[in-house]
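Residue strings, one per chain:
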Amino acid sequence: MTRKTIIIIGDSFTFPNGNAATNRVYTYARGFNESGVKAHIVCFRNDYLESHGGEVDGITYYSPFHQTTRSPYFLARRWHNILKYYNTLRIIKEIKRDHDIMAIIAYSVRMSTFMYAWLLSLIFRTNLLLERSEHPLKEIKSRIAFMAGYIKAFIEAILSNGIICISDYLRKFYRSVGARERKLLIVPSTVDFTRFEGSFVSPFDFRYICYCGSLTYTKDGVHILLESFSKITDKHPDIRLVLIGKADTREDEQSLREIATRLGIDQKTHFTGILSRDHIPRYLCNAEVLVLSRPRSIVADAGFPSKVTEYLSTGKPVVVTRVGEIPVFLTDNINVFLAEPDDIDDFAAKMDHVLSNYPSSLQVGLKGKELVTSTFNYRYQSKRIIEFLQKI
């Protein structure tokens, strides 16, 4: 009997290590595998890598760009890009030889990548699902580009057999551009909670508050976190702040370091840089508090940060802002601590409350952990995607 498979192709993620998109792809793939549907991941990025594929936790992944160094010649680089399309076709042809392809999931904001995934779905006579965990128009500023973005979203809605939306906000957006309700499936943030089970040796010999993600201003408001931390450090002198991740630019990271210096907390603020997926749990599980001071934005309205579900998996107290669909799933003082967005004082007050009432705050953290085995359970949500495909 031919085994079924789902192929995830895109350039919004790296694999097996990477950002929030990588975590979402990983949880989908692991859930598919555990449901009896083999997962194959095609990283459609032009990344220069020593290894061009492999397997991790039973998930097979490929990097069809197949280049280790960047050529100095323009024509050679264009040729390498063309070869990427051919290599991808060959990879999927080989997968098809031993598997029945249930669907191709396109995880990209680029029209060229989406159209290629659509072409592949026609060639291999399978379903095409579009993955949307962020608003497709989030970085568009001009009116002309905004209209072009709407046209692109309309094309995606027409050509896709289904669209996976991380929020009801995105479901409504795709309804507004013409997608039929039966094409839309809401899949909230998913997490592999088993990564955070067991005991981990602390990476530090001090108590700390921890943030993990991109060191950004507009998306995650790390500058707000620094300002808030500075307001509680005199009351909690033994607590430090650990920031995991990197900024989009060197200038942004330097700017955040300068803010810490200006606030007088530079000796208590630790920038770790990017950590591998395997190292993240020991940093999160040993934190006193896990935090996200995300400000209001179209990104916040449309998404649900994967870092929040990872935070919840630890059973530690989580302080996060009341943005997007976070308050739809989480309740203040019940399973999380919600602060008002863009409010330095309120975020500081929430962190202070947690640290000053730590035994009861831990109970709230444990209630939050219960959600990752139900609502945000990667196995449950992956099964829902498979069932959605079967109905299509």
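A brief look at the structure comes next.

Reading the values: the criteria
Residues numbered from 1 in each chain as written. Predicted model: local features only at pLDDT ≥ 70, side-chain atom pairs only at ≥ 80, totals over all residues. Heavy atoms only, no water. Pairing = 2+ DSSP bridges. Helix = DSSP H or I, 4+ residues; strand = E, 2+ residues; numbered from the N terminus. Axes fitted to C-alpha atoms, helices over the stretch in contact; angles between N-to-C directions. Contact = heavy atoms within 4.5 Å. Salt bridge = Lys/Arg side-chain N within 4 Å of Asp/Glu carboxyl O. Buried < 20%, exposed > 50% of the residue type's maximum accessible area, 1.4 Å probe, protein only. Expected span 1.5 Å × (residues − 1). Polar contact = N/O pair within 3.5 Å; in protein donor to acceptor, adjacent residues only side chain to side chain. Core = buried A, V, L, I, M, F, W, Y, C linked by side-chain atoms within 4.5 Å. Right-handed = clockwise from strand over helix to strand, strands pointing away. Phe/Tyr/Trp six-rings, centres within 6.5 Å; stacked < 30°, edge-to-face > 60°. Disulfide = S-S within 2.5 Å.

The next thing to look at is the sheet that holds strand S4 (residues 59-62). Strands sit in the order S3-S4-S2-S1-S5-S6-S7-S8 across an open sheet of eight strands; the sheet is mixed. Each edge of the sheet is formed by a strand with only one pairing partner; in this case those strands are strand S3 (53-56) and strand S8 (184-186). When strand polarity is set aside, the average angle formed by the axes of neighbouring strands in this sheet is 25°. Across four bridges, strand S5 (residues 99-107) lies against strand S6 (residues 127-132) in parallel orientation. Its bridge partner lying in S6, Ile104 is registered against Leu128. On the sheet, helix H5 (residues 168-176) packs against S6, strand S7 (162-165) and S8 and is oriented at approximately 170° with respect to S8.

With the rule as written, the count across this model stands at 28 salt bridges. For Glu94, the salt bridge identified is with Arg90, shortest N-O distance 3.5 Å. Here the residue Glu94 and the residue Arg90 both occupy positions in helix H2 (residues 74-98), the gap between them amounting to four residues, near one helical turn. On the basis of relative accessible area, Arg90 is assigned to the partly exposed category, the value being 30%. Linking Lys350 and Asp332 is a salt bridge whose minimum nitrogen-to-oxygen distance equals 3.1 Å. You can see Lys350 sitting in helix H12 (residues 344-356) and its partner Asp332 sitting in the loop between helix H11 (326-329) and strand S14 (337-339), a full 18 residues away along the chain. By sharing partners, the salt bridges in this structure join Asp168, Arg171, Lys172, Arg175 and Glu181 into a single network.

Count 3.6 residues to each turn of an α-helix, and residues three or four apart come out pointing the same way. When the terminal C-alpha atoms of helix H1 (residues 20-34) are compared, their 21 Å separation across 15 residues agrees well with the 21 Å that a helix rising 1.5 Å per residue should span. With twelve of 15 residues buried, H1 is to be regarded as a mostly interior element. Taken as a whole, H1 has its buried residues at Ala21, Thr22, Asn23, Arg24, Val25, Tyr26, Thr27, Tyr28, Ala29, Gly31, Phe32 and Asn33. By the N-cap criterion, in which a side-chain oxygen at the helix start approaches the backbone nitrogen of a residue two or three places on, H1 is capped by Asn19, the distance to Ala21 being 3.1 Å. Residue Gly36 follows H1 closely and has a positive phi angle near 90°.

Bringing the sheet that holds strand S11 (residues 269-273) into the picture now. Hydrogen bonds along the backbone pair up the strands of a sheet, which may run parallel or antiparallel. Read across the sheet, six strands follow the order S11-S10-S9-S12-S13-S14 without closing on themselves; strand pairing throughout is parallel. Single-partner strands in this sheet number two, and they are S11 and S14. Strand-to-strand, the axes of this sheet are offset by a mean angle of 25°, without reference to chain direction. Both strand S9 (residues 207-212) and strand S10 (residues 239-244) contribute to a ladder of six bridges, which runs parallel. The partner of Tyr208 across the bridge, within S10, is Arg240. Packing against the sheet, helix H6 (residues 222-232) makes contact with S9, S10, S11 and strand S12 (289-292), and its axis sits at approximately 170° to S10.

This part covers the nonpolar core. With 93 residues, the main nonpolar core has Tyr174, Ile209, Tyr211, Leu243, Ile244, Leu284 and Val291 as its most contacted residues. Setting aside residues no more than four positions away along its own chain, Leu243 makes contact with Tyr211, Leu215, Val222, Leu225, Leu226, Thr269, His270, Phe271, Thr272 and Gly273. With 28 residues, the next largest nonpolar core counts Ile8, Tyr26, Ile41 and Ala103 among its residues.

By the element assignment, Gly58 lies in the loop between S3 and S4. Once the C-alpha coordinates of Gly58 and Arg45 are considered, the two residues, 13 residues apart in sequence, prove to be 22 Å apart.

The side chains of a regular strand alternate between both faces of the sheet. Relative to S11, S10 runs parallel, the two being bridged by four bridges. In the strand pairing of S11, Ile244 is matched with Gly273. Where the polypeptide runs from S10 across helix H7 (residues 250-262) and back to S11, its parallel neighbour, the crossover connection is right-handed.

Moving on to the packing of aromatic side chains. Under the definition given, this model contains 18 aromatic pairs. A ring pair is formed by Tyr85 and Tyr116, whose centres lie 4.7 Å apart and whose planes are at 75°; its orientation type is edge-to-face. Here Tyr116 lies in helix H3 (residues 111-123) and Tyr85 lies in helix H2, a separation of 31 residues in the sequence. Here Tyr116 falls in the buried class, since its relative accessible area comes to 10%. Plain terms: the ring middles of Phe204 and Tyr208 are 5.3 Å apart, the flat faces sit at 80° to each other, and that makes the pair edge-to-face. Take Phe204: its relative accessible area is 21%, and that puts it in the partly exposed class.

For the rest of this paragraph, the subject is the state of the cysteines. Cysteine pairs can be linked by a disulfide, which is a covalent bond between their two sulfur atoms. The full count for this structure, using the stated rule, is zero disulfides. Cys212 supplies the cysteine sulfur nearest to Cys43, a cysteine that is in no disulfide, at a spacing of 20 Å.

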